[in-house]
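What follows is each chain in one-letter form.
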Amino acid sequence: MSTPTKLPEPAPPAAFKPYVSPADSPKELTARAILLGALFGILFGAVTVYVGLRAGLTVSASIPIAVLSISILRAFGKATILENNIVQTTGSAGESVAGGVIFTLPALIFLGFPLEYQRIFLLTLIGGWLGVFFMIPLRRQLIVKEHGNLLYPEGTACADVLIAGDRGGSFAGRVFWGLGLGAIYTLFQNENLFSAWPSTPAYNPANFGGSIRANTTSEYLGVGYIIGPRIAGVIFSGGVFAWLVVMPAIKFFAGSAVVYPGTIPVSQMSPEQLWGSYIRPMGAGAVAAAGLITLLKTMPTIIAALRAGAGDLAKGASETASRRRTDDDIAMKWAVAGAALVLIMMWAMLTFRPVPGAYTAWYQNIAAAVFVIVFGFLFVTVSSRITGLIGTSSNPISGMAIATLMATCAVFLLLGWTAAPYSALAITIGGVVCIASANAGNTSQDLKCGFLVGATPRRQQIGLLIGVAVSVVSIGFALIGMNKALESFQPVAPAIVMDPEQLPEGVAIQSKSFDHSDFSFTGGSGETARSAAGYWLLNSLGSKRLPDGKYLYNPATRQVEVQWIQGIGSSKAPAPQARLMATVISGILNQRLPWGLVLLGVFLVIGVELLGIRSLSFAVGFYISIGTTCAMFIGGMVRWLVERSARKAGEAAEESEVSPGSLFASGLIAAGGIVGLLGIVVKLLESRHWLKEGQLAWGTGLPWMAQAGTPAGHWIGVIMYLLLAASAYHFARKPLDISGKE
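The text that follows walks through the structure, step by step, so that each part is easy to find.

**Digging into the packing of helix H20 (residues 626-648) against helix H22 (residues 711-733)**
In helix packing, the relevant descriptors are the interaxial angle and the interaxial distance, both defined with respect to the helix axes.
Next, step 1: Their axes nearest at 10 Å, the elements H20 and H22 cross at an angle of 35°. Between H20 and H22 the crossing geometry is right-handed. Where H20 abuts H22, its residues Ala631, Ile634, Val638, Leu641, Val642, Ser645 and Ala646 lie against Tyr721, Ala725, Ala728, Tyr729, Ala732 and Arg733.
Next, step 2: Of the residues contributing to the contact of H20 with H22, the split by class is eleven nonpolar, one polar and one charged.

The structure is reproduced here in structure tokens:
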């Protein structure tokens, strides 16, 4: 199997010589590099939102972007290695900030606040830029001086690809095969597009309480392949335990009883209702505990990072920076001024354009900015060092966000700031810190790659700032588009009578109007369309009368008649980390949580940790749908078969990030995200009546789709997914032709 050119073993900083000499000045920050990088930032930012909200995790986009950049720029004439590096630096910023966004900002929905485009745009920009500005004074210490200690695996692998490409090699063919096959598969599989076969084959045994299903998307297959059989297996084991052990046990022991937080007899609950009522609170406790355990495990690294960072800043005041091109950073005064500017932007946004229904005083908003400075710089430093040791994929970003929220909410509780507006203020602080930390880890990988190939740090930092600025455009649209396109309405049967003057604890009137002109749902008499005029919007969080969510209340009948299930938080886009953030905030500020279930999740994770299993992976698998974890597990099994076959053939068995299978899997992920977003656009057009409902879904008329609820229909979906898995195995075992003649 052909492999890319490898870099020499790390040398001390003084002896290290980058691929491009500091004395040379080839083209670097060119218009075409910035333009292509910006396009990749917009694209992969949106794709990360789509995949991350559905799968509950993200994967690095740096290497696919580098591979595609080499091929695309080569088609337009000779490009320098430093131009390609600027493309991947600028483009990968979108993926990193999107990861921070989806872990936190959707929590506004779960807390009962609207998700506004302008707010997503500004908070993402603020967090992304802070991550870059805070990394500027740390670069010399973490990237240069600790070159032999902090390897930054993704950055080093990306440098391998760029150097091989500069010497005439190309890996793009394998990525394009993944893009092509994945796009064709998704076009036919996606329920918002052709819908030629069931997208989620399922088996629901009668009266069992559990379910076996797989959401057979190309991106889940690709994600499972990249994370590998070990992690995919642990994640799937969490899903198996939740859906095939805990849920059946609840149904067996509870019988016809109504068990809080459920509001109907357990015997009448579907698997989806059991998951939403009981598994999610348990999963929230499990993920929170696992995140904190992961954070505690990295405490020695955190302490060392803080000491090294403080020492470097102290030295920076007395050391004169080198005049070499490869040591040219953005000046410290501009970094400080930039950080101060974005914090002023944050204060102004909170003061003059607060979250609707969440006004806070100017001095409280100053306190929020101070929290962001303290926690932001702390976790930017930690994030950079951790990614240098174990890579971006293992960076405990969610654990850092949980720690930020717990500390912030604890201070709010002591000050008596427990009303609803402070929940929005807390998630704003946590969101900015999480985005900054996520982007800092990615920025460190990019700067490491630049250090190895001989890039100019200042130009990379400018590219990162541009990449953040352009990618936030698509991130906001993707987030709001998914929330709208994937929404649904369900009748509340029987309707619940409520007095608007004496609403139950945990239920609040969000608005005395509803921003839809009409809505439709499928009830006992088929599809029902109804005008939205006159309905009030209620939000339930921690109530014993209504499950968590949003409801339409009819003041004329004084009844809760319809549940509005928004796209984010539904089974199609569960956003597990964001729901967890809302749970943490609500639990501390309002003390309205099913603590028994939350603590069950906490002790479950402690038991898993004692078994020596990666508890965070298990907890995430326990929390999200088994349909997601099963599909990813199949991708992990494909990689296991590939590595097993390679060992038998006497080849290098361990898959790398630039191996044929990983490149093909990256193409599958990108294709699933891009075409899946196309399906979201189609759904939005249908919701506005600009396109007839189901006009593209010609597959629903096929014979096996008429049997979509029977084993015959579901087996078609299984067979098609296994064929896609077989193609992944084929291209993973086919050696790379780095001459670009694939």
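Text resumes after the structure shown.
**A word on unusual backbone geometry**
Next, step 1: You will see that Asn207, though not glycine, has its phi angle at about 60°, which is positive.
Next, step 2: Within the element layout of this structure, Asn207 appears in the loop between strand E1 (202-203) and strand E2 (212-213).
Next, step 3: Phi is positive for Arg558, close to 55°, though the residue is something other than glycine.
Next, step 4: Within the secondary structure, Arg558 is located in the loop between strand E8 (549-554) and strand E9 (559-565).
Next, step 5: The exposure class assigned to Arg558 is partly exposed, which follows from its relative accessible area of 38%.

**Observations concerning the environment of Thr89**
Next, step 1: Secondary-structure assignment places Thr89 in helix H3 (residues 81-104).
Next, step 2: For Thr89, a relative accessible area of 0% gives the class buried.
Next, step 3: When the C-alpha atoms of Thr89 and Cys449 are compared, they prove to be 9.0 Å apart, with 360 residues separating the residues in sequence.
Next, step 4: Leave out the neighbours within four places in its chain, and Thr89 touches Asp446, Gln460 and Leu464.

**What about the environment of Gly667?**
Next, step 1: Along the chain, Gly667 turns up in helix H21 (residues 660-687).
Next, step 2: When the C-alpha atoms of Gly667 and Phe176 are compared, they prove to be 6.4 Å apart, with 491 residues separating the residues in sequence.
Next, step 3: Ignoring sequence-local partners within four residues, the contact set of Gly667 consists of Val175, Gly178 and Leu179.

**With respect to the packing of aromatic side chains**
Next, step 1: This model, assessed by the stated rule, comprises 30 aromatic pairs.
Next, step 2: Ring centres of Phe241 and Phe618 lie 6.3 Å apart, and the angle between their planes is 50°; this geometry places the pair in the tilted category. Of this pair, Phe241 sits in helix H9 (residues 218-254) while Phe618 sits in helix H19 (residues 615-623), and the two are 377 residues apart along the sequence.
Next, step 3: Judged by its relative accessible area of 8%, Phe618 is buried.
Next, step 4: Counting every residue linked through ring pairs, the aromatic cluster contains Phe371, Phe375, Phe379, Phe412, Trp417 and Tyr422.
Next, step 5: When the ring centre of Phe110 is taken as reference, the NZ or CZ atom of Arg579 above it lies at 4.1 Å.

**Observations regarding the nonpolar core**
Next, step 1: Counting 178 residues, the largest nonpolar core has Val49, Leu53, Leu130, Phe412 and Leu479 as its most contacted members.
Next, step 2: Looking at which element gives the most residues to this core, the answer is helix H15 (residues 420-453), with 18 residues.
Next, step 3: Discounting residues that sit within four places of it in the chain, Leu130 has contacts with Ala339, Val342, Leu343, Val372, Val432 and Ala436.
Next, step 4: Among the nonpolar cores identified, the runner-up in size contains 23 residues, and Ile250, Ala254, Tyr278 and Cys630 belong to it.

**A look at the environment of Phe133**
Next, step 1: Residue placement: Phe133 occurs in helix H5 (residues 117-135).
Next, step 2: Among the residues examined, Phe133 registers a relative accessible area of 9% and is labelled buried.
Next, step 3: Separated by 202 residues in the primary sequence, Phe133 and Ala335 place their C-alpha atoms 5.2 Å from one another.
Next, step 4: Setting aside anything within four residues of it in sequence, one finds Phe133 in contact with Trp334, Ala335, Gly338, Ala339 and Leu465.

Criteria and cut-off values
Residues numbered from 1 in each chain as written. Predicted model: local features only at pLDDT ≥ 70, side-chain atom pairs only at ≥ 80, totals over all residues. Heavy atoms only, no water. Axes fitted to C-alpha atoms, helices over the stretch in contact; angles between N-to-C directions. Helix = DSSP H or I, 4+ residues; strand = E, 2+ residues; numbered from the N terminus. Left-handed = near helix turned anticlockwise from the far one by under 90°. Contact = heavy atoms within 4.5 Å. Nonpolar A, V, L, I, M, F, W, Y, C, P; charged D, E, K, R; others polar. Buried < 20%, exposed > 50% of the residue type's maximum accessible area, 1.4 Å probe, protein only. Phe/Tyr/Trp six-rings, centres within 6.5 Å; stacked < 30°, edge-to-face > 60°. Lys NZ or Arg CZ within 6 Å of the ring centre and 35° of its normal. Core = buried A, V, L, I, M, F, W, Y, C linked by side-chain atoms within 4.5 Å.

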